[in-house]
Amino acid sequence: MTLTKMGLGDRMLGRIIGLVLALALWAVAYVILNPGGLDGQIPAVALGAFEGARLGVGVAAGLLGTAIAAAALLRAPERPKARDPLAPLIDIAQSQDAERDPSDEPTPFATPSPTAGLQAPPLDAEPAPFPLALDTGVQPAPPIAVHAEGAPEPAVAAAPVEPEPEPTPEPSEAPPPDDFDAARAALRRHAQDEAWGPAALALRRVGALAQDDREHALAAQDAGDFARAQGKTDDAIEAYDLALAHARLTDQPELIADALINVGDMAYEEHRLDAAVTSYEAAVALRRDVAQGGTAEARRALSIALERLADAREDRGHRSRALDLYRESEALAAELALADAGRYGADLASTRQRLEELEARIQA
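Remember, predicted model here, so these are calculated numbers, not experimental data.

**Student:** Describe the packing of helix α10 (residues 273–291) against helix α11 (residues 296–315), with residues and values.
**Tutor:** Viewed as axis vectors pointing N to C, α10 and α11 meet at an angle of 155°, and their least axial separation amounts to 9 Å. When the interaxial angle is binned, α10 and α11 end up roughly antiparallel. Here the hand of the crossing between α10 and α11 comes out left-handed. Between α10 and α11, the contacting residues are Leu273, Val277, Tyr280, Glu281, Val284, Arg287, Arg288, Val290 and Ala291 on the first element and Ala298, Arg299, Ala301, Leu302, Ala305, Leu306, Arg308, Leu309, Ala312, Arg313 and Asp315 on the second.

Following this line, the structure appears as structure tokens:
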């Protein structure tokens, strides 16, 4: 009872404090909103930097006082603890247990013994003969040897202990290759597996092993391919430009043509068609020189360069020149497919399909 009264007193005191604070805030709001009110008895309060927001400050003080007053008046009373409905039943059961004689109470969960009701035979009764075992085909168990006390136990032959196999040493990670071509092969392998973390390390290794202009051009070309696969266009353009700069310092037209194709591809992807056409035309000129009397791969590279130039020409609106370039590429692809259909037959089919599509667009 004392604790309950103390709780009620604390709640009442909290309500009174809340109402007093609300009245104080209302008074502040009145003074701010009505400077010189009550016939000049209330002095004007200067708000300084907040003078321009006098109305907002006054309204905010009034609303805050209203919220505090509402919280003080509408505070929910503490809910009394509910009485346990099973308490009277527990009290009655405990009183009955106290009055009951423990000897009259049956043993809980008592189950009749399986030997109850059986009488022991008299001591002088002869034991019943053991029934003969039927021939069931089951061999009797061998008799258990009983040793006299103090007799030594028979020696038991110990089973041979097989030696544990030695653990196979795990293969250590292969060291990074020290050869430039081997490092590039590792880079291509990681790129094909889309293992970009090891590919980045391999690319760094390739750049560190590059010695002359040819190797620097190839390393920069690999860096451009890596950045292009990652969608980093600016890094790819910078790497391909560097590869072209190193390639021009060599006397290898195939390397220069490859660098020009890459530069043209990036210009074509950015819709810089004039720059793309310039790079493709320079690459085609070099490919023509290499393809004369060259290998089948050199003629295939010329065919690919012709199709790149044809696509850029078509996008610029030069469809007739693009058609001539595709027909020249088709002639080269047919020559290669005739010599090795299994290797170059797919190139011929792709070139003919694109040529037919271009012809259909021109005739439309």
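Read on for the rest.
**Student:** Which residues make up the environment of Glu328, and what are the values?
**Tutor:** Within the fold, Glu328 resides in helix α12 (residues 319–339). Note: C-alpha distance between Glu328 and Leu302 (26 residues apart in sequence) is 9.8 Å. Aside from chain neighbours lying at most four places away, what touches Glu328 is Arg288 and Leu306.

**Student:** Quick one: what's the story with the confidence of the model for the protein chain, residue by residue and with numbers?
**Tutor:** With 65% of its residues at a pLDDT of 70 or more, the protein chain shows a mean pLDDT of 77. Scored below 50 in pLDDT, residues 105–118 makes zero contacts in the model with residues more than four places away or belonging to other chains. Throughout residues 127–138 the model reports pLDDT below 50, and contacts reaching past four residues in sequence, or to other chains, amount to zero contacts.

**Student:** So what's going on with the side chain of Thr250? Residues and values would help.
**Tutor:** On the secondary structure map, Thr250 appears in the loop between α8 (233–248) and α9 (253–269). According to the relative accessible area criterion, Thr250 is buried, its value standing at 16%. A polar contact is formed between the side chain of Thr250 and the backbone oxygen of Ala247, at a distance of 2.6 Å. Discounting residues that sit within four places of it in the chain, Thr250 has contacts with Asp213, Arg214, Leu255 and Ile256.

Conventions adopted
- Residues numbered from 1 in each chain as written.
- Predicted model: local features only at pLDDT ≥ 70, side-chain atom pairs only at ≥ 80, totals over all residues.
- Heavy atoms only, no water.
- Axes fitted to C-alpha atoms, helices over the stretch in contact; angles between N-to-C directions.
- Helix = DSSP H or I, 4+ residues; strand = E, 2+ residues; numbered from the N terminus.
- Parallel < 35°, antiparallel > 145°, perpendicular 65-115°, else oblique.
- Left-handed = near helix turned anticlockwise from the far one by under 90°.
- Contact = heavy atoms within 4.5 Å.
- pLDDT = per-residue confidence, 0-100.
- Buried < 20%, exposed > 50% of the residue type's maximum accessible area, 1.4 Å probe, protein only.
- Polar contact = N/O pair within 3.5 Å; in protein donor to acceptor, adjacent residues only side chain to side chain.

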